[in-house]
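# Observations on the three-dimensional arrangement
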Number of protein chains: 2
Amino acid sequence: MDKLWRKNIRDIKPYVPGEQSKEKDIVKINANENPYPPSPMVQKAINDFNCGKLRFYPDANATEFKSAVADYYELEAENVFLGNGSDDVIALAFQAFFNGDKPIAFPDITYSFYPVWCRMFEIPFKTYPLGEDFRINAEDYKEENGGVVIPNPNAPTSIGEGREFIEKLLEYNRDAIVIIDEAYVDFGGYSSAELVEKYDNLLVTGSFSKSRSLAGMRIGFALGSKELIGVLEAVKNSYNSYTVSSISMAAGTAAINDREYFNKTVSMVIETRERVKAELEELGFKVLESQTNFLFATHGSYSMKDYFEWLKGQKVFIRYFNLPRIDNYVRITIGTNEEMNIFLAKTREYIDFIKQK
Amino acid sequence: MDKLWRKNIRDIKPYVPGEQSKEKDIVKINANENPYPPSPMVQKAINDFNCGKLRFYPDANATEFKSAVADYYELEAENVFLGNGSDDVIALAFQAFFNGDKPIAFPDITYSFYPVWCRMFEIPFKTYPLGEDFRINAEDYKEENGGVVIPNPNAPTSIGEGREFIEKLLEYNRDAIVIIDEAYVDFGGYSSAELVEKYDNLLVTGSFSKSRSLAGMRIGFALGSKELIGVLEAVKNSYNSYTVSSISMAAGTAAINDREYFNKTVSMVIETRERVKAELEELGFKVLESQTNFLFATHGSYSMKDYFEWLKGQKVFIRYFNLPRIDNYVRITIGTNEEMNIFLAKTREYIDFIKQK
């Protein structure tokens, strides 16, 4: 350690990039990506995009895009914050709203970035265990919290809660800011967007990556009272005033305005999900009730880790988490019907393979 | 203050968005934007872009784009970090590299975001005044610093320093990380990119917003030793693993590969700059030697604040900073020759107008 400058470096584990297979003929149902392309209106918006205007900075107020999002949720543009993916939005919200002395609260099994952001921003936190049925118990959150963050539906469990649950959580936490992370809500969950006008301490976050097939475009948003949104804008402007590119705004506006395509593709994902769930159950899997674009499943007779590894060898990529309580579960993203047929056929093959051993 | 949740909110001034005029016939030379569109190869990359792949997350390693940037600077892909605009990159670098007890150092007149980031991330800082000639004195930085950040060329002064100056700075600060912010370097400045292999505590940051006409696309980058880049990647991945969209990568790769267009448009800006500088000097302005796409100017006989306001009324938008030491200067971005002719004509009109009073 002769280099003294190293002492000023943030103490952080070096990053090892995740494996993103370049293989062409794989079934990639491991990243909760949408199997369908974005709306044809997005392709049109991009084809028609006049690159000449890229020489200018983006509209700092994102007027058109904010209005389109506000229209969709029947709110006003001042209730909308936009960011570079919903991770960007939630990370900013942690910095903006979780500055109390008391720990913030979230479930023990949840989105893996929450504890990472807490460590990054030195926010104390505590976790409450999900019930045996993997559901969040609203009563746990009655204690005084420095803030609350909950994905609804939760990930990777896929389970969503309704209005009654969310209102309980909000009533128990009138003195803290409550973030409901709705990355997956469009696949059948209950959206708290309608509660924004009732609770001024509620922030609802959303993503264009899943239900709008725009993971590659990086668009996330938050809905909240004008006061909360104003604070988020101020914190954003202490970092980087222009986080959403002009072309993302054009694509995002086109995507949210095409409700017909959105409804159609979301329904297709839900239909495939229910079929795959039923078929897995026939094969003896236990599959949690999903309101997302993925299934969370286990099997009494097989090691899910082995099953995951075996499928990988067969070019079917699903997701396995080697974490307490869920280390015999797998997460399966809903792909096209064709992809899911391959997945199901390979699953049957695996069961035969194990039985023959 | 009946709402207890307000106590957890970050103490920050509410953000008032800057005025971005929607008028069509203005001469907008106030934001250091490039007057020329991006390379036709960018338009082609975007027209040819297959939106179907937007359903996938971007390549986390940005392999192709990093390689293109590395090629340009004759470095390796592992020496390149990419972000959502250079503000995103520099803000992350502050968090990654300025964690010592000692204050970091930068000039008193410089990029206005440096003290904002320091306050945001609780980094102690000190500033050294520029000399009477608005140049940075390398000897000031001999003291022990927790880090150093300097724009080269500096903004809003437009003055650049050469290799000798940068090497002095690096030799004086072998125990700290030195960030050289090269947002404007392509317009005739000295780039420290060639020093990355010699000094492992050097981070050079750059932007596609100015010289590559991609302000609307949000692309920034950093060049540094593999160790420094590895830390930046780790910090980025504690926030948001996918900050650069797939379409930004395609546009950025196309832009950096079109060297001929880049050289041509940069030369045009420099040529216009030198002509405008000479004409302003003929009108009695004192104009600093610029290695950027803007001029920093004052006049012994006129109030620059009044001149700025008057030009605004004439639909010519330049920039004025009401700050100590530079409150009788204006910053003029180099536009097209036509735009600068209007600016110069209006400037002559202003002088006549004042003389007649």
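Each value, and the rule that gives it
- Residues numbered from 1 in each chain as written.
- Chains lettered and ligands numbered in written order.
- Predicted model: local features only at pLDDT ≥ 70, side-chain atom pairs only at ≥ 80, totals over all residues.
- Heavy atoms only, no water.
- Helix = DSSP H or I, 4+ residues; strand = E, 2+ residues; numbered from the N terminus.
- Rg over C-alpha atoms; globule rule 2.2 N^0.38 Å.
- Contact = heavy atoms within 4.5 Å.
- Areas by Shrake-Rupley, 256 points an atom, 1.4 Å probe, with all protein chains shown as cover.
- Pairing = 2+ DSSP bridges.
- Axes fitted to C-alpha atoms, helices over the stretch in contact; angles between N-to-C directions.
- Least-squares fit on C-alpha atoms with pLDDT ≥ 70 in both.
- Phe/Tyr/Trp six-rings, centres within 6.5 Å; stacked < 30°, edge-to-face > 60°.
- Buried < 20%, exposed > 50% of the residue type's maximum accessible area, 1.4 Å probe, protein only.
- Lys NZ or Arg CZ within 6 Å of the ring centre and 35° of its normal.
- Arc of directions from axis to C-beta.
- Polar contact = N/O pair within 3.5 Å; in protein donor to acceptor, adjacent residues only side chain to side chain.

### Looking at the overall build of chain A
When helices and strands are tallied, chain A shows ten helices and 13 strands. Here the C-alpha radius of gyration of chain A, 21 Å, is about what a compact globule of 357 residues would show, namely 21 Å. Projected onto its principal axes, the C-alpha positions of chain A cover 60 × 60 × 50 Å. Sequence-distant contacts, at least 24 apart, represent 73% of the contacts inside chain A between residues at least 6 apart. Per element, the accessible surface of chain A, about 14,100 Å² overall, is 49% carbon and sulfur.

### Quick look at the sheet that holds strand β3 (residues 104-107) of chain A
For sheets, the rule is that strands pair by backbone hydrogen bonds, running either parallel or antiparallel. Residues and elements named next belong to chain A. One open sheet holds the seven strands; their spatial order is β2-β8-β7-β6-β5-β3-β4, and the pairing between them is mixed. A single partner strand is all that each edge strand has here, and the edge strands are β2 (80-83) and β4 (125-128). Taking the axes of each pair of neighbouring strands and ignoring which way they run, one obtains an average angle of 20° across the sheet. As paired strands, β3 and strand β5 (residues 147-151) are joined by two bridges and run parallel to one another. Bridged to Ala 105 within β5 is Val 148.

### Focus on the relation of the copies chain A and chain B
The transform that puts chain A on chain B rotates by 180° and translates by 0.0 Å along the axis, for an RMSD of 0.0 Å. The superposition of one copy onto the other is thereby described by a two-fold rotation axis. Closest to the rotation axis within chain A is the C-alpha of Asn47(A), separated from it by 2.5 Å.

### Brief notes about the packing of aromatic side chains
Residues and elements named next belong to chain A. According to the stated counting rule, one finds 59 aromatic pairs over all chains in the structure shown. Ring geometry for Tyr 57 against Tyr 242: centres 5.0 Å apart, planes inclined by 35°, an arrangement best described as tilted. Of this pair, Tyr 57 sits in the loop between α1 (40-47) and α2 (63-73) while Tyr 242 sits in the loop between α6 (226-236) and α7 (246-257), placing them 185 residues apart in sequence. Classification of Tyr 242 by relative accessible area gives partly exposed; the value is 21%. By the ring-pair criterion, three or more aromatic residues cluster together here, those being Phe 94, Phe 98, Phe 106, Tyr 111, Phe 113, Tyr 114, Trp 117 and Phe 125. The ring of Phe 294 has Arg 331 sitting right over it, with the charged end atom 5.7 Å from the ring centre.

### Overview of helix α1 (residues 40-47) of chain B
If you check which residues of α1(B) are buried, you get Val42(B), Ala45(B) and Ile46(B). The buried residues of α1(B) occupy an angular sector of 95° when the element is viewed end-on, so they sit on one face. Those residues of α1(B) hidden inside the fold are in contact with α1 and α7 of chain A together with α7 (246-257) of chain B. At the N-terminal boundary of α1(B), the capping side chain belongs to Ser39(B), with an oxygen 2.9 Å from the backbone nitrogen of Met41(B).

Fair warning: the whole summary comes from geometry, so function is off the table for now.
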